[in-house]
Amino acid sequence: MPAPDFKRAYPSHQPLPETGLWFAINQHGVIVAMNSDEVCLPSGASHLPGLERPSNAILLGEIDATACLACAVPDDIALPEGYRTIGLRDLYGRIDDRLYAIAGYATQMLHWQRTSNYCANCGAPLAPIPGEWGKRCLRCGFTAYPPVSPCTITLVHDGDRVLMTHKPGWGTRYGLVAGFVEPGETLEQNVEREVMEETGVEVCDVRYWRSQPWPFPHQLMCGFYARYAGGELRIDNDELDDARWFTRDDIRNGRPTLPAPLSIARQLIEDWLAQQPR
Ligand SMILES: [Zn+2]
């Protein structure tokens, strides 16, 4: 998540600051400057020829007194030498974590700008609401805001073992039960329902851990622990092709392949493992 020292800005800041860090984003990811193997974000106003003062830029906020600017870059633009596009997932670990979080935020906000031009109610153009990221329909007054879709992701534990799930195409990697929160449902009810639907087991002692914005495209992953309470494994074949228990020793011995370090699933597993006796 953007760090506490990231100070958010709201529209409309005009004119935009002359200099700052650029989160320039196309369909494939974030445009970065490569210095041998080192990755950095373009900064200043003139470091990205052809993109200075892009008309669609927005000010996201500032970090360490440096403005953070985002702009959408057409896919067909030829990048200057020394620049390349890195997919948002692949960028993790290659720039400062605080900047990585802002890159995710930038991606979500540009997605919102791109997909919120027309009213979902009547089809007329939407116009920005001053001072907010929301937009309002000029014809019917319908308002819309950048979407955030809550999801739960749950580590189901039973003594020294953890319930992990597998989807087709995942190879040796297993993950945790996860799902979108439905209208009218609490996060805790969602945990119980998703675990039951995907794996057929009951859980109790549902406990919130922490959350993570997941900009693919706009989920908020809410991490939970839940204790196994009963039932036999019976997987939902529409979603999964396997679910099984892995012991702490299995995981310490590298079985199965764990989710990517970026994900809250991985962080939940690491957190659980750290609480287990050696
Ligand atoms: Zn409308």
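Here goes a summary of the coordinates provided. (Residues numbered from 1 in each chain as written. Predicted model: local features only at pLDDT ≥ 70, side-chain atom pairs only at ≥ 80, totals over all residues. Heavy atoms only, no water.)

Inspection of the entire model under this criterion finds six aromatic pairs. Here the aromatic rings of Phe6 and Tyr105 are separated by 6.1 Å at their centres, their planes lie at 75°, and the arrangement is edge-to-face. Of this pair, Phe6 sits in strand 1 (residues 6-8) while Tyr105 is found in helix 2 (residues 97-115), placing the two residues 99 residues apart along the sequence. The class for Phe6 is buried, based on a relative accessible area of 7%. A centroid spacing of 5.3 Å and a plane angle of 85° characterise the contact between Tyr228 and Trp245, whose relative ring orientation is edge-to-face. Of this pair, Tyr228 sits in strand 15 (residues 219-230) while Trp245 sits in strand 16 (residues 242-247), and the two are 17 residues apart along the sequence. Over the ring of Tyr105 we find Arg8; its NZ or CZ atom is 4.3 Å from the centre of that ring. Its end group placed over the ring of Trp112, Lys135 keeps NZ or CZ at 5.7 Å from the ring centre. (Phe/Tyr/Trp six-rings, centres within 6.5 Å; stacked < 30°, edge-to-face > 60°. Helix = DSSP H or I, 4+ residues; strand = E, 2+ residues; numbered from the N terminus. Buried < 20%, exposed > 50% of the residue type's maximum accessible area, 1.4 Å probe, protein only. Lys NZ or Arg CZ within 6 Å of the ring centre and 35° of its normal.)

Ranked by size, the top nonpolar core spans 49 residues in total, and within it Phe23, Leu60, Leu91, Met164 and Leu176 carry the most contacts. Among the elements that take part in this core, helix 2 stands out by supplying nine residues, more than any other. Sequence-distant contacts of Leu60, that is, excluding residues within four places in its chain, are made with Phe6, Lys7, Arg8, Ala9, Cys68, Ala70, Ile102, Tyr105, Ala106 and Met109. Listed in part, the 13 residues of the second largest apolar core include Ile31, Ala57, Leu59 and Tyr83. (Core = buried A, V, L, I, M, F, W, Y, C linked by side-chain atoms within 4.5 Å. Contact = heavy atoms within 4.5 Å.)

Okay, the side chain of Thr165 next. With respect to the helices and strands, the residue Thr165 is situated in strand 12 (residues 161-166). Relative accessible area serves as the criterion here: at 2%, Thr165 is assigned to the buried category. Apart from the residues lying within four places of it in its own chain, the contact partners of Thr165 are Trp170, Tyr174, Gly175, Leu176, Val177, Glu198, Thr199, Leu240, Asp242 and Ala243.

What follows is about the coordination of the zinc ion. At 2.3 to 2.4 Å from the zinc ion lie its protein donor atoms, namely Cys119 (SG), Cys122 (SG), Cys137 (SG) and Cys140 (SG). Around the zinc ion, the four donor atoms sit at angles spanning 101 to 117°, and that spread fits a shape best called tetrahedral. As a motif over one chain, the donors of the zinc ion read C-x2-C-x14-C-x2-C. Classification of Cys119 by relative accessible area gives buried; the value is 6%. Judged by relative accessible area, Cys122 falls into the partly exposed class, the value being 28%. (Donors = N, O, S within 2.8 Å, 3.2 Å for Na, K, Ca; no water. Tetrahedral: all angles 85-135°; square planar, octahedral: opposite > 155°, others 65-115°.)

As a further point, take the sheet that holds strand 8 (residues 126-128). Pairing between the strands of a sheet comes from backbone hydrogen bonds, and it takes one of two forms, parallel or antiparallel. With antiparallel pairing, three strands are arranged side by side in an open sheet as 8-9-10. Edge strands, defined here as strands with exactly one partner in the open sheet, are strand 8 and strand 10 (143-144). Pairing geometry for strand 9 (residues 135-137) and strand 10, over two bridges, is antiparallel. When the bridges of strand 10 are listed, Lys135 appears paired with Ala144. (Pairing = 2+ DSSP bridges.)

Buried residues dominate strand 11 (residues 149-158), accounting for eight of its ten residues. Pairing of strand 11 with strand 15 involves nine bridges; the strand directions are parallel. Directly across from His157, in strand 15, lies its bridge partner Arg227. Summarising the sheet, strand 11 and strand 13 (residues 177-180) pair through four bridges and their orientation is antiparallel. The residue of strand 13 that forms the bridge with Thr154 is Val177.

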